[in-house]
Amino acid sequence: MTTSKRLAERKNVRFQKNVTRRGSVPESSTKKGSDYPIGPILLGFFVFVVLGSSLFQIIRTATSRGMA
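This next bit is on helix α2 (residues 40-63). Between its first and last C-alpha atoms α2 spans 34 Å; for 24 residues at 1.5 Å apiece the expected length is 34 Å, and the two agree. Just beyond α2, the residue with positive phi is Arg65, at close to 55°.

With respect to the helices and strands, Ser64 occurs in the segment after α2. At 3.1 Å, the side chain of Ser64 forms a polar contact with the backbone oxygen of Arg60. Here the side chain of Ser64 touches Thr61 through a polar contact of 3.4 Å, landing on its backbone oxygen.

This part takes up a nonpolar patch on the surface. Taken together, the side chains of Ile38, Leu42, Leu43, Phe45, Phe46, Val47, Phe48, Val49 and Leu51 define a hydrophobic patch exposed on the protein surface, amounting to about 850 Å² of accessible area. Relative to the helices and strands, Phe48 is located in helix α2. Overall, Phe48 belongs to the exposed group, its relative accessible area being 61%.

Turning next to a positive patch on the surface. On the surface, Arg6, Arg10, Lys11, Arg14 and Lys17 cluster together to form a positively charged patch. Mapped onto the elements of the fold, Lys11 is located in helix α1 (residues 5-20). Its relative accessible area of 53% is what places Lys11 among the exposed residues.

Enumeration over the complete set of coordinates arrives at one aromatic pair. Between Phe45 and Phe46 the ring centres are 6.3 Å apart and the planes differ by 45°, which places this aromatic pair in the tilted class. Owing to a relative accessible area of 48%, Phe45 belongs among the partly exposed residues under this scheme.

So, how was this worked out
The numbers attached to residues start from 1 for each chain and follow its sequence in the written order. Under the rules for a predicted model, residues below a pLDDT of 70 receive no local features and side-chain atom pairs below 80 are neither given nor counted, while totals for whole chains, interfaces and linings still include all residues. Side-chain figures throughout are based on the complete set of non-hydrogen atoms in the structure, without hydrogens or water. To qualify as a helix, a DSSP run of H or I must reach at least 4 residues; to qualify as a strand, a run of E must reach at least 2; elements of each kind are numbered from the N terminus. In this scheme, a helix's expected span is set at 1.5 Å multiplied by one less than its residue total. In protein, a polar contact requires one atom able to donate a hydrogen and another able to accept it; more generally it is a pair of N or O atoms within 3.5 Å, and residues adjacent in sequence count only if both atoms are side-chain atoms. Patches here: salt-bridge-free residues with over 30% relative accessible area, like charges joined within 9 Å, nonpolar side chains (Val, Leu, Ile, Met, Phe, Trp, Tyr) joined within 5 Å. Note on areas: these come from Shrake-Rupley sampling with a 1.4 Å probe, and a residue is covered only by the protein chains present in the view. In what follows, salt bridge is the name for a side-chain nitrogen of Lys or Arg lying within 4 Å of a carboxyl oxygen of Asp or Glu. Residue burial is assigned from relative accessible area. The probe radius is 1.4 Å, only protein chains are included, and a residue is buried under 20% of its type maximum, exposed over 50%, and partly exposed in between. Counting rule applied: Lys, Arg positive; Asp, Glu negative; His and chain ends not counted. Here the site of a charge means atom NZ of a Lys, CZ of an Arg, CG of an Asp or CD of a Glu. Two aromatic rings, drawn from Phe, Tyr or Trp (for Trp, its six-membered ring), form a pair once their centres lie within 6.5 Å of each other, and the interplanar angle then sorts them: stacked below 30 degrees, edge-to-face above 60, tilted otherwise.

Here it is, written out as structure tokens:
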């Protein structure tokens with residue numbers, strides 16, 4: 001890939017400016033740690049499905065006396 005000398009110099013200058021500003025990111029662009037990837041209702045639904053299916057399987061195994 002052929003790049004012009006002027007473009008390479010401009011990118012180099014921009015990179016050098018970023019090197020001196022590393023670590024000083026404004027608060028608005030940093031991620032907040034309290035945001036969950038899924039909502040509490042969806043999490044509750046998943047827990048309900050997992051616990052309900054395991055309970056159903058235990059009851060089914062107990063009623064068939066392990067002969068399933």
